Amino acid sequence: MLQIAAYGDDDEVGEEPGHNNEGNKTTNTSPATTTPTTASTSTTATTTPPAADPGTEVIETAAAAPLLADMKSKMCLPSLTPDVLDPAGRRAFTTSTQREVYYNPTADDLNTPQKGPLQPHRKTPLGFEKNVLCGFADDLCISQNAFNEQFHTFHSFGYASDPSGVGKIVGDKTQVAARGGQFIFDRPPKKAPKSASRAKGGNPGSGSYLGPWAPPASEVAANAKAAAAELAAASAADASADQAAASSSSSSSATEDSAATTAKNGESAAEGSGSGSAAEGGSGEDGTSTVLYLKGDRDYRGRTFISPPSDIKAGPHGCFLPKKRIHTWNAHAKGVSCVRLFPKFGHLMLSSGLDGQIKIWNVYESRQCVRAYLGHSKGVRDLCWNADGTRFLSCAYDRQIRCGKIPYCVRLHPEPAMQDQFLAGCSDKKIVQFDIRTRGIVLEYDQHLGAVNTVTFIDSNRRFVSSSDDKSLRIWEYGIPVPIKYISEPHMHSMPSVTVHPNGKWFVCQSLDNQILVYSARDRFKLNHKKRFIGHITAGYACQVNFSADGHYLISGDGEGKLWLWDWKSCRAYQHLQAHETVCIGCEWHPVEPSRVVTCGWDSKVHYWD
């Protein structure tokens with residue numbers, strides 16, 4: 001290693017070993033040799049000692065700095081210190097993806113918008129970055145009162161305030177102009193005072209005194225003209241009446257008799273259609289009829305009884321366990337076989353009984369029977385709403401579908417574009433696909449060896465699973481009469497009820513060996529051995545099984561009239577309620593209310609729990 005020591009003018013040569021000067025620090029013990037050198041500004045005499053021993057330490061001084069810099073540049077020694085860059089030059093080339101900044105930026109520099117040419121390969125537009133999966137979401141704080149005001153304004157008037165900007169309104173522009181942008185909680189504007197002049201009150205002593213209640217002068221003049229015209233018409237009518245009195249006596253008596261008959265019929269009709277009475281509906285071609293238990297089929301706003309109330313907000317929410325019974329409907333003369341709540345809102349309830357009747361009940365306000373459907377001659381087995389709740393299907397033991405055998409279950413296709421087709425599982429081991437428009441059979445699925453109990457759509461409604469009395473499950477592609485999966489084991493029992501989990505990944509089956517089994521609804525449709533719900537007694541009964549709206553709870557009835565509730569994750573039974581005196585055959589969780597459940601049983605009652 002090269003070692004250099006530089007000596008100034010006042011350095012002495014040949015110092016004793018170990019002596020340290022202020023400008024020369026060395027521990028060399030050898031004699032020194034002097035060599036003259038020339039500086040840039042003055043001539044100085046410097047001495048360069050010979051090569052030092054390996055143990056010698058040489059310390060550089062200020063005079064040797066130029067020489068060291070020149071030698072480092074020739075030897076290309078690396079620089080361990082970062083370069084100091086110009087802040088003004090770096091600002092123009094700082095990108096949004098850069099994670100290191102080599103200068104201290106100001107607050108204005110950090111908040112400067114992005115600039116530069118458009119980049120077609122970018123996934124997001126230039127100017128903002130995605131903070132959620134579908135784009136950029138801006139945080140906005142709205143009070144509950146302000147949200148309710150805009151919610152009810154939109155449902156009542158058809159427009160609401162835009163939360164993205166002050167003063168912006170979205171919705172029906174004609175209603176905005178007609179109402180002046182008024183919201184539902186705003187007070188109506190005061191009416192302008194009448195500027196018409198009042199007539200004089202008159203003399204208080206006379207009979208024509210009006211006082212402060214005098215009408216406008218223009219109204220007094222108009223009333224005087226109308227009174228004069230009416231007097232002239234009355235005098236002319238009296239003159240003509242005297243001439244035709246004799247000829248009109250017989251005809252007037254006949255007219256009075258017919259008017260009295262009409263009035264009597266009108267009074268009897270009014271008594272039949274009063275409050276709490278039933279209005280007969282039209283009868284269908286096949287002998288079906290309906291009875292409406294309302295004064296009219298529309299309210300003051302022109303809405304039918306199937307329109308949901310404006311204060312119901314359908315959406316995802318957490319659910320809680322019910323604790324007590326809050327209402328009871330004496331629904332049918334015989335046992336109730338099935339209950340179905342209105343899709344998405346649940347403000348109406350559809351119930352079917354073994355007496356052959358189907359009824360619609362109001363769940364929220366009066367909780368009375370809205371309409372009854374008469375047409376089945378035997379007990380109704382199953383019900384199914386369509387996607388928007390405007391129609392429903394029913395099947396009974398009277399073979400009303402006209403497929404030759406008794407239908408045990410019926411399911412409309414859930415897709416809105418395919419609401420004209422439905423599947424019916426029958427007692428002749430077949431699943432029949434019907435078209436409502438043509439009223440004919442489109443396809444038959446005939447691979448089962450026993451009566452078909454359930455048909456349930458899975459896997460985004462592309463497939464459906466069917467269960468049968470042959471103790472097997474079959475998975476079908478919709479429209480292809482060949483099963484893609486056949487599930488049958490020696491230990492399996494018949495499964496008369498199947499329900500899909502709200503997340504669509506699993507479906508559960510009510511097995512007649514007093515347990516509920518879980519299967520995968522995708523890929524290989526395997527049995528989940530880690531999930532099994534036990535504790536209830538369902539042997540011999542087709543008790544329905546259902547989920548809460550958030551999928552956290554599983555509910556089912558049993559043969560002893562109890563309502564069982566399990567936790568979906570841990571498979572632990574939370575509680576069981578004594579719901580009915582006999583078999584609790586059906587249950588369903590309300591889609592909007594977080595802790596309300598509807599149950600039905602063979603004791604002809606429907607209970608509402610909260």
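Computed from a predicted structure; not experimentally measured.

Cut-offs used in this document
The numbers attached to residues start from 1 for each chain and follow its sequence in the written order. Owing to the predicted nature of the model, reporting of local features is limited to residues with pLDDT of at least 70; listing and counting of side-chain atom pairs is limited to 80 or more, with chain, interface and lining totals taken over all residues. Each side-chain value is derived from all of the structure's non-hydrogen atoms; neither hydrogens nor water enter the calculation. Helix and strand labels come from DSSP, where a helix needs a run of H or I of at least four residues and a strand needs a run of E of at least two; each type is numbered from the N terminus. N or O atoms within 3.5 Å of each other form a polar contact, as long as, within protein, one can give a hydrogen and the other can take it, and as long as residues adjacent in sequence are counted only when both atoms are side-chain atoms. The contact criterion used throughout is that any non-hydrogen atoms of two residues lie within 4.5 Å. If DSSP finds at least two bridges between two strands, the strands pair. Note on geometry: axes are lines fitted to C-alpha atoms, helical ones only across the stretch in contact, with angles between N-to-C directions running from 0 to 180 degrees. Salt bridges are defined by distance alone: a side-chain nitrogen of Lys or Arg within 4 Å of a carboxyl oxygen of Asp or Glu. In plain terms, two cysteine sulfur atoms within 2.5 Å form what is called a disulfide here. Residue burial is assigned from relative accessible area. The probe radius is 1.4 Å, only protein chains are included, and a residue is buried under 20% of its type maximum, exposed over 50%, and partly exposed in between. Across the chain, each position has a pLDDT score giving the predictor's confidence in that residue, from 0 to 100. The criterion for an aromatic pair is that two Phe, Tyr or Trp rings (for Trp, the six-membered ring) have centres within 6.5 Å, with stacked assigned to planes under 30 degrees apart, edge-to-face to planes over 60 apart and tilted to the rest. Criterion for a charge above a ring: Arg CZ or Lys NZ at most 6 Å from the ring centre, at most 35 degrees from the ring normal.

> Teacher, can you tell me more about the side chain of Q544 here?
Its location among the elements puts Q544 in the loop between β25 (527-534) and β26 (545-547). Here the side chain of Q544 touches R340 through a polar contact of 3.4 Å, side chain to side chain. Among all residues touching Q544, those that are not within four sequence positions of it are S337, C338, R340, S497, Q510, I555, S556, G557, I585, G586 and C587.

> Help me out: how do you make sense of the sheet that holds strand β16 (residues 431-435) in this one?
Strands belonging to one sheet form pairs held by backbone hydrogen bonds; the direction of such a pair is parallel or antiparallel. Strand order in the open sheet made by the 4 strands is β14-β15-β16-β17, with antiparallel pairing throughout. Lying at the two open borders of the sheet, with one neighbouring strand each, are β14 (407-412) and β17 (440-445). Pairs of neighbouring strands in the sheet enclose a mean axial angle of 25°, with direction left out of account. Across 5 bridges, the pairing between strand β15 (residues 421-426) and β16 is antiparallel. Paired with Q421 across the bridge in β16 is D435.

> In this structure, what is going on with the side chain of S520? I would like to understand it.
When you line up the elements, S520 lands in strand β24 (residues 515-520). For S520, the side chain forms a polar contact with the main-chain oxygen of R522, separated by 3.0 Å.

> Would you mind showing me how to read the pattern of salt bridges here?
A pair can form between side chains of opposite charge whenever their charged atoms are brought close. Inspection of the entire model under this criterion finds 13 salt bridges. In this structure, K430 and E444 form a salt bridge, with 3.4 Å as the shortest nitrogen-oxygen distance. Taken as a pair, K430 in the loop between β15 and β16 and E444 in strand β17 lie far apart in primary sequence, 14 residues in all. In this structure, R474 and D470 form a salt bridge, with 3.2 Å as the shortest nitrogen-oxygen distance. Among the charged side chains, a network of salt bridges with common partners joins R391, D420, D435 and R437.

> In this structure, what is going on with the state of the cysteines? I would like to understand it.
Tallied over the full model, the rule gives 0 disulfides. Between C338, a free cysteine, and C600, which holds the nearest cysteine sulfur, the sulfur-to-sulfur gap is 6.6 Å. Using a relative accessible area of 0% as the deciding quantity, one classes C338 as buried.

> Please explain the environment of D172 as it appears in this structure.
Examined against the element boundaries, D172 turns out to sit in the loop between β4 (169-171) and α5 (173-179). By relative accessible area, which is 33% here, D172 ends up partly exposed. Between the C-alpha atoms of D172 and A160, which are 12 residues apart in sequence, the distance is 8.9 Å. In this structure, D172 is in contact with G158 and Y159, ignoring residues within four places of it in sequence.

> In this structure, what is going on with unusual backbone geometry? I would like to understand it.
Peptide bonds are mostly trans, and most non-glycine residues show a negative phi. At D459, a residue that is not glycine, the phi angle is positive and equals roughly 55°. Its place among the elements puts D459 in the loop between β18 (452-458) and β19 (463-468). Residue classification places D459 among the buried residues on the basis of a relative accessible area of 12%. Phi angles above zero are rare outside glycine, and N461 is one such case at about 65°. Mapped onto the secondary structure, N461 falls in the loop between β18 and β19.

> Explain the confidence of the model for the chain here, please?
Put simply, the chain has an average pLDDT of 76, and 67% of its residues get 70 or more. pLDDT under 50 marks residues 1-52. Its contacts with residues more than four places away, or in other chains, come to 48 contacts. When the criterion is pLDDT under 50, residues 55-60 qualifies, and its contacts beyond four places in sequence or with other chains add up to 8 contacts.

> Sorry, what's going on with the sheet that holds strand β29 (residues 573-578) here?
Pairing is antiparallel in the open sheet, where 4 strands are placed in the order β26-β27-β28-β29. Two strands bound the open sheet, and with one partner strand each, they are β26 and β29. Between one strand and the next, the sheet's axes are offset by a mean angle of 20°, whatever the strand orientation. Of the pairings in the sheet, the one linking strand β27 (residues 553-557) to strand β28 (residues 562-567) comprises 5 bridges and is antiparallel in character. Directly across from S556, in β28, lies its bridge partner W564.

> Help me understand the pairing of strand β9 (residues 348-353) in this model?
Every other side chain in a regular strand lies on the same face of the sheet, so the side chains alternate between the two faces. With 6 of its 6 residues buried, β9 lies for the most part within the structure. A two-sided burial pattern is seen for β9, the buried positions comprising L348, L350 and S352 on one face and M349, S351 and G353 on the other. The sheet contact formed by strand β8 (residues 336-341) and β9 spans 5 bridges and is antiparallel. In the strand pairing of β9, R340 is matched with L350. Counting the residues that bridge the hairpin from β8 to β9 gives 6 residues, and of these K344 lies at a positive phi of roughly 75°. Looking at chain direction, β9 and strand β10 (residues 357-362) are connected through 5 bridges and run antiparallel. Counted as the bridge partner of M349 is W361 from β10.

> Looking at this model, I keep getting lost on the packing of aromatic side chains. Mind explaining?
The relative placement of two aromatic rings is captured by the distance of their centres and the angle of their planes. Scanning the entire structure with this criterion turns up 20 aromatic pairs. Relative to F151, the ring of F147 lies with its centre 6.3 Å away and its plane at 20°, an arrangement referred to as stacked. Residue F147 and its partner F151 are located together in helix α4 (residues 144-157), separated by 4 residues, close to a single helical turn. Residue classification places F147 among the partly exposed residues on the basis of a relative accessible area of 41%. Each ring, one from W329 and one from Y608, has its centre 5.8 Å from the other, and the planes form 40°; the classification is tilted. One end of the pair, W329, is in strand β7 (residues 325-329); the other, Y608, is in strand β32 (residues 606-609), with 279 residues separating them in the sequence. Neither W329 nor Y608 differs from the other in exposure class; each is buried. Linked through ring pairs, Y445, F457, F464, W476 and Y478 together constitute an aromatic cluster. A cation sits over an aromatic face here: K313 above F151, 4.8 Å from the ring centre. Positioned above the aromatic ring of W568, the side-chain terminus of K531 is 4.6 Å from the ring centre.

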